[in-house]
Each structure stands twice: as structure tokens, then as C-alpha cells.
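Examining the three-dimensional arrangement
Listed below, chain by chain, are the residues.
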Protein chains: 2
Amino acid sequence: MYLAKVYVTLKPTVNDPQGLTIKGALQTLGFSSVEAVRAGKYLEIRVNESNLDTAKDQIQEMCRKLLANPVIENYRFEMEKA
Amino acid sequence: MYLAKVYVTLKPTVNDPQGLTIKGALQTLGFSSVEAVRAGKYLEIRVNESNLDTAKDQIQEMCRKLLANPVIENYRFEMEKA
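Rules used throughout
Residues numbered from 1 in each chain as written. Chains lettered and ligands numbered in written order. Predicted model: local features only at pLDDT ≥ 70, side-chain atom pairs only at ≥ 80, totals over all residues. Heavy atoms only, no water. Core = buried A, V, L, I, M, F, W, Y, C linked by side-chain atoms within 4.5 Å. Buried < 20%, exposed > 50% of the residue type's maximum accessible area, 1.4 Å probe, protein only. Contact = heavy atoms within 4.5 Å. Helix = DSSP H or I, 4+ residues; strand = E, 2+ residues; numbered from the N terminus. Lys, Arg positive; Asp, Glu negative; His and termini not counted. Salt bridge = Lys/Arg side-chain N within 4 Å of Asp/Glu carboxyl O. Pairing = 2+ DSSP bridges. Least-squares fit on C-alpha atoms with pLDDT ≥ 70 in both. Axes fitted to C-alpha atoms, helices over the stretch in contact; angles between N-to-C directions. Parallel < 35°, antiparallel > 145°, perpendicular 65-115°, else oblique. Nonpolar A, V, L, I, M, F, W, Y, C, P; charged D, E, K, R; others polar. Buried area = accessible area lost by both parts, 1.4 Å probe. Polar contact = N/O pair within 3.5 Å; in protein donor to acceptor, adjacent residues only side chain to side chain. Expected span 1.5 Å × (residues − 1). Arc of directions from axis to C-beta.

Let's shift gears to the nonpolar core. Formed by 20 residues in total, the largest nonpolar core has its most connected members in I45(A), I59(A) and M62(A). For I45(A), the contacting residues outside a window of four places in its chain are Y2(A), L3(A), A4(A), V6(A), I59(A), M62(A), L67(A), L26(B), V34(B), A36(B) and V37(B). By size, the runner-up hydrophobic cluster in this structure holds 19 residues, among which are V34(A), V37(A), A55(B) and M62(B).

Set out below in C-alpha cells:
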């Protein structure tokens, strides 16, 4: 059993309206030192798989097929024994 | 200048319809080893602040006031020199 922590972020050149909105809200709240905010997704996936390499391959495949849009997003993940 | 990486996750007892939907979609795609998926938010915040402790306090305050809903969400963050 492994727990994968998957981080999906927008590529640096892609516009991020959600991040801009959060930045604006933080500045309105008085956090004037905020320079930039980028918003992304964080997923924890538990896979019932005893082999680490197989589990990694599966998570890689999941990111490629469903979790991230390769045109505008990057992803990375960490595996943890669970 | 510091870069904060903020992770906002639903508390373990809170229902996560987004995670359930992703789990269903992954299983439909043939990933039968998926046991559970929890969805969260990932934010990268760049603050123009030279003192690490001040920057940490500010991020903590931002999480408390805007980024996380303390009733249903947990948050954690890491600081990085940027």
C-alpha cells in the first residue's frame, strides 16, 4: 500500500486568474508584501500495490491520463509507504 | 524574498466529493488498485520580506484569515528562500 502525494501546477507562462484573485484578496486584507500567488491542485492517492515501481508507474499514468492537462500544467509526485 | 508552499487539505472526517469523483474516474479508466483519493489545494505565495520569522507569521495569518477554512480544513506550509 502506497500513498502518493501529487502536485499539479500551472506552467509558469500560463495565466492564473485564481492566483491573481487570491493575491488581490490578500492585499485587500492588508498583506502588502505579497508579490505573487500561483494556485494549483494537491491530491493524495492511496494505491493498493506492494511494488513501489509499479505504484510509481501507475501514478505517472494517472497524471498523464486524467489528473493533469499536459498542455498547461506540470505535475510531480512523491511516494510514501502507507 | 521568500516562497511559501501552502498545502490545504480537508480534515480526515470531512466528506470529499471531488476526491470520490476522481477515484471513480480513475477506476473507470482501469486503475483498479486505487483505494482512496483526497483532493486539496496547493498554493505558491511569494512574499517580499527579508526576515524568515516575519514571513512565516504572515503566511500563518493568511492561512488563518483567508486560505483555509479552519472548520473543515487543515493547512501546512514550507518556506523557501527565493
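More follows now that the structure is in view.
Tracing the chain through its elements places E49(A) in the loop between strand 2 (34-47) and helix 2 (52-67). Buried within the structure, E49(A) lacks any salt-bridge partner; its nearest side chain of opposite charge belongs to K81(A), at an N-O separation of 9.9 Å. Setting aside residues up to four positions removed in sequence, E49(A) forms contacts with M1(A), Y2(A), T54(A), A55(A), Q58(A) and S33(B).

This part is about the pairing of strand 1 (residues 2-10) of chain B. All names here are of chain B. With 8 of 9 residues buried, strand 1 is to be regarded as a mostly interior element. Alignment of strand 1 against strand 3 (residues 73-81), held across 9 bridges, turns out to be antiparallel. The residue bridging V8 from the neighbouring strand is Y75, located in strand 3.

We now examine the relation of the copies chain B and chain A. Between chain B and chain A, which share one sequence, the superposing operator has a rotation angle of 180 degrees and an axial displacement of 0.0 Å; the RMSD is 0.0 Å. Both copies are brought into coincidence by an operation consistent with a two-fold rotation axis.

Axis separation between helix 1 (residues 17-28) of chain A and helix 2 (residues 52-67) of chain B bottoms out at 11 Å; the angle between their running directions is 105 degrees. Judged by the angle between their axes, helix 1 of chain A and helix 2 of chain B are roughly perpendicular. Taken together, the residues of helix 2 of chain B that come into contact with helix 1 of chain A (itself represented by I22(A), A25(A) and L26(A)) are M62(B), L66(B) and L67(B). Its residues placed into classes, the contact of helix 1 of chain A with helix 2 of chain B shows 6 nonpolar, no polar and no charged.

Accessible area lost when the parts come together is the quantity often used to give the size of an interface. Contacts between chain B and chain A engage 33 residues on the former and 33 residues on the latter. Taking both sides of the interface into account, the surface hidden between chain B and chain A amounts to around 2800 Å²; carbon and sulfur atoms contribute 67%. There are 0 salt bridges connecting chain B and chain A. Inspection of the region where chain B meets chain A yields 14 residue pairs in polar contact (both at pLDDT 80 or more).

With that out of the way, let us pick up the pairing of strand 1 (residues 2-10) of chain A. As judged from the 8 bridges shared by strand 1 of chain A and strand 2 of chain A, these two strands associate in the antiparallel manner. By the bridge assignment, V8(A) is partnered in strand 2 of chain A with K41(A).

This paragraph deals with helix 1 (residues 17-28) of chain B. Residue and element names in this part refer to chain B. Helix length check: helix 1 (12 residues) gives 16 Å between terminal C-alpha atoms against 16 Å at 1.5 Å per residue, within 8%. Looking only at helix 1, the buried set comprises G19, I22 and L26. What you see down the axis of helix 1 is that its buried residues fit within an arc of 65 degrees, all on one side. In helix 1, the exposed residues that point more than 90 degrees away from the buried face are P17, L20, T21 and T28.

Another point: the pattern of salt bridges. Any two side chains of opposite charge can pair, on the condition that their charged atoms come close. This structure, assessed with the given rule, holds 8 salt bridges over all chains. Across the pair E61(B) and R64(B) runs a salt bridge, and its minimum N-O distance is 3.2 Å. A residue pair is termed a helical-turn pair when its members lie 3 or 4 positions apart in one helix, as E61(B) and R64(B) do in helix 2 at 3 residues. E61(B) gets classed as partly exposed once you look at its relative accessible area, which sits at 27%. Judged by relative accessible area, R64(B) falls into the partly exposed class, the value being 49%. Because the salt bridges share partners, they merge into one network encompassing E61(A), R64(A) and K65(A).

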